[in-house]
Amino acid sequence: MRRLGVLDWISVGLLALGVLFVITGLLPAATARASVDRIAPLLVFLCAVVVLAELTKQAQVFDVVATRLAIVGRGSYAVLFLLCTAFASLVTIFLNLDTTAVLLTPVMLALAPRAKIAPLPLVMTTVWLANTASLLLPVSNLTNLLAMSRLALGTREFAAHMWAPALVGVAVTMAFLWIFYWRRGERGDDRYVPPPAPSIADRTLFAVAAVACVLFVAGILAGAPIEVAALIAAFVVVAVFSWRDRGRLRWGLVPWRLLVFVTGLFLVVPTLGRFGLETAMNVIIGLDGAGDGAYRAAAAGAGLSNVVNNLPAYVAGEQVIPAAHHIPLLSLLIGVNLGAVITPWGSLATLLWFEWCRRREVRVPLVKFMLTGAGLAVTGIAAAVGTLLLTA
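As recorded in an unreviewed UniProt entry, the chain goes by the name Arsenic transporter, listed as coming from Planotetraspora mira. Checking UniProt for the chain, the heading Subcellular location (unreviewed entry) contains the comment "Cell membrane".

Draft legend 1. Up close: the packing of aromatic side chains. Evaluation of the coordinates by the stated rule reveals nine aromatic pairs. Taking the centre distance of 5.5 Å and the plane angle of 70° together, the rings of Tyr77 and Tyr192 count as edge-to-face. With Tyr77 in helix H4 (residues 77–95) and Tyr192 in the loop between helix H9 (184–187) and helix H10 (203–221), the pair connects residues that are 115 residues apart, well separated along the chain. Above the plane of the ring of Trp243 lies Arg244, whose end atom (NZ or CZ) is 5.1 Å from the centre. A cation sits over an aromatic face here: Lys368 above Tyr181, 4.5 Å from the ring centre.

Draft legend 2. Quick peek at a nonpolar patch on the surface. Taken together, Val228, Ile232, Phe235 and Val236 make up a surface patch of nonpolar side chains, about 380 Å² in accessible area. Within the secondary structure, Phe235 is located in helix H11 (residues 226–244). Judged by its relative accessible area of 60%, Phe235 falls in the exposed class.

Draft legend 3. Representation of empty space enclosed by the protein. If you walk through the whole model with that rule in mind, you get two cavities of 30 Å³ or more. Quantified by volume, the largest cavity comes out at close to 150 Å³. As for the largest cavity, its lining consists of 16 residues, and the residues nearest its centre are Leu97, Asp98, Asn141, Leu142 and Leu348. Contributing elements (two or more residues each) for the lining of the largest cavity: helix H5 (97–115), helix H7 (142–151), helix H12 (256–285), helix H14 (310–318) and helix H16 (348–359). Top contributing element to the lining of the largest cavity by residue count: H12, with three residues. Residues belonging to the lining of the largest cavity are distributed by class as follows: nine nonpolar, six polar and one charged.

Draft legend 4. Seen up close, the packing of H7 against H14. It is at 10 Å that the axes of H7 and H14 come closest, and there the two elements cross at 15°. By the angle between their axes, H7 is roughly parallel relative to H14. The element H7 and its partner H14 pack so that their crossing is right-handed. Contacts from Leu142, Thr143, Leu146, Ala147 and Arg150 in H7 reach Asn310, Leu311, Tyr314, Val315 and Glu318 in H14. Its residues placed into classes, the contact of H7 with H14 shows six nonpolar, two polar and two charged.

What counts, and where the lines are drawn
- One numbering rule holds for all chains: residues counted from 1, following each sequence as written.
- Local features in this predicted model are restricted to residues of pLDDT 70 or higher, and side-chain atom pairs are both shown and tallied only at a pLDDT of 80 or more, whereas totals for entire chains, interfaces and linings draw on every residue.
- Only heavy atoms go into the side-chain values, all of them from the structure, while hydrogens and water stay out.
- UniProt positions are given in the numbering used here, feature names are shortened, and annotations may be inferred rather than shown by experiment.
- Centres within 6.5 Å are what make two rings of Phe, Tyr or Trp a pair, Trp counting through its six-membered ring; a difference in plane orientation under 30 degrees is then read as stacked, over 60 as edge-to-face, and the rest as tilted.
- Going along the chain from the N terminus, every DSSP run of H or I of four or more residues is numbered as a helix, and every run of E of two or more is numbered as a strand.
- We call a charge positioned above a ring when the Lys NZ or Arg CZ atom is no farther than 6 Å from the ring centre and deviates by at most 35 degrees from the ring normal.
- Residues with no salt bridge and a relative accessible area higher than 30% make up the patches, which join like charges within 9 Å and nonpolar side chains (Val, Leu, Ile, Met, Phe, Trp, Tyr) within 5 Å.
- In this description, accessible areas are obtained by the Shrake-Rupley approach with a 1.4 Å probe, and a residue is regarded as covered only by the protein chains that are shown.
- One side-chain nitrogen of Lys or Arg within 4 Å of one carboxyl oxygen of Asp or Glu is enough to make a salt bridge.
- Burial here depends on accessible area, computed with a 1.4 Å probe over protein chains only, as a share of the maximum for the residue type. Under 20% is buried, over 50% is exposed, and the range in between is partly exposed.
- In this analysis, the protein atoms alone were mapped onto a 1 Å grid. Cavities are point sets where a 1.4 Å probe fits without being able to get out; pockets are open sets with protein on both sides within 12 Å along at least five of seven lines; lining residues have an atom within 4 Å of a point.
- Grid points are joined across faces, edges and corners, and a volume is the space filled by probe spheres set on the points.
- Residues are grouped as follows: Ala, Val, Leu, Ile, Met, Phe, Trp, Tyr, Cys and Pro are nonpolar; Asp, Glu, Lys and Arg are charged; every other residue, Gly included, is polar.
- Lines fitted to C-alpha atoms define the axes, with helix axes restricted to the stretch in contact, and inter-axis angles between N-to-C directions lie between 0 and 180 degrees.
- Any angle that is under 35 degrees is reported as roughly parallel, and any over 145 degrees as roughly antiparallel; angles of 65 to 115 degrees are reported as roughly perpendicular and all others as oblique.
- Note on convention: the crossing is left-handed when the near helix lies turned anticlockwise from the far helix by less than a right angle, right-handed when the turn is clockwise.
- The contact criterion used is simple: two residues touch if any of their non-hydrogen atoms lie within 4.5 Å.

Printed below as a string of structure tokens:
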């Protein structure tokens, strides 16, 4: 127990508080059961996709791709910028934002000294695009999965609504990344040194993990249940690791902190909603089904995300928006995804990213992080919501 970190204690405490609410009757048992039933498939998906991503990283797939991108860039920061933003965006879209923040960040940090690149531009790319590139598919973010179930949409229908706002969100993020972190005056060098080609320790593990990820992406695009696609892909990778490198399979691969955090959250937020939070969100968001209501929903989601985290912000906002009001609900989604980039606790992915930067002794200037994040949030949300209204 003494080895538990701050985030571990927060997760355990949140679940304990939620259970206490149920025991004391502050949250009716029927409501608690409905909340848990709703998130059960999502928890299965989260567990499977995190295991898949972690083992894919250990099979060197991310490391090889990142190094190859740096080689292809041939010392040009402009080319490397485009390749890294594309890579981080694709990982976020198809393998979940936590994969980008938690698994791609150490890959980028390992790449930086090999290519003599300042680490801050690379890690800012992962943390910002982990949040802002997570609008396109339901699997990109847990908030998207909740919205999809609320709106009764399939993967393709969800993407049809969100492709244009997602594209705008990534474009705005790229502009802010280049201006504040990647341009010559910020990064400090004209060119970088292309690293040597990576050496793959086990080509069988590498090939199977890469193919499993491709099959997972193909499955969700084909409309397969996301938890089923993730479970099958994870099972394939676990099976090959049990054959080739069983020592890598450990209980630590299971993201228990995330599972406990989400379960506790879905007990605590409905309770708070019964005792004032729902009323407050109703006043802020209002009842307008479009136009001004869309911007208010997005602003409310972004503001609350940077106070208490984007997941409870979405859940609190969702409770006061009728399911028939698609535009405000999708705008809320834009707010909690694009807006959670101001404070270090805006999203769980950002919190975990900060922990990685601390471990690798990468100095993140907090004032600059928050000010540039605020500019990105305001600009990105305004542009993405406007695009949503134009394309709805």
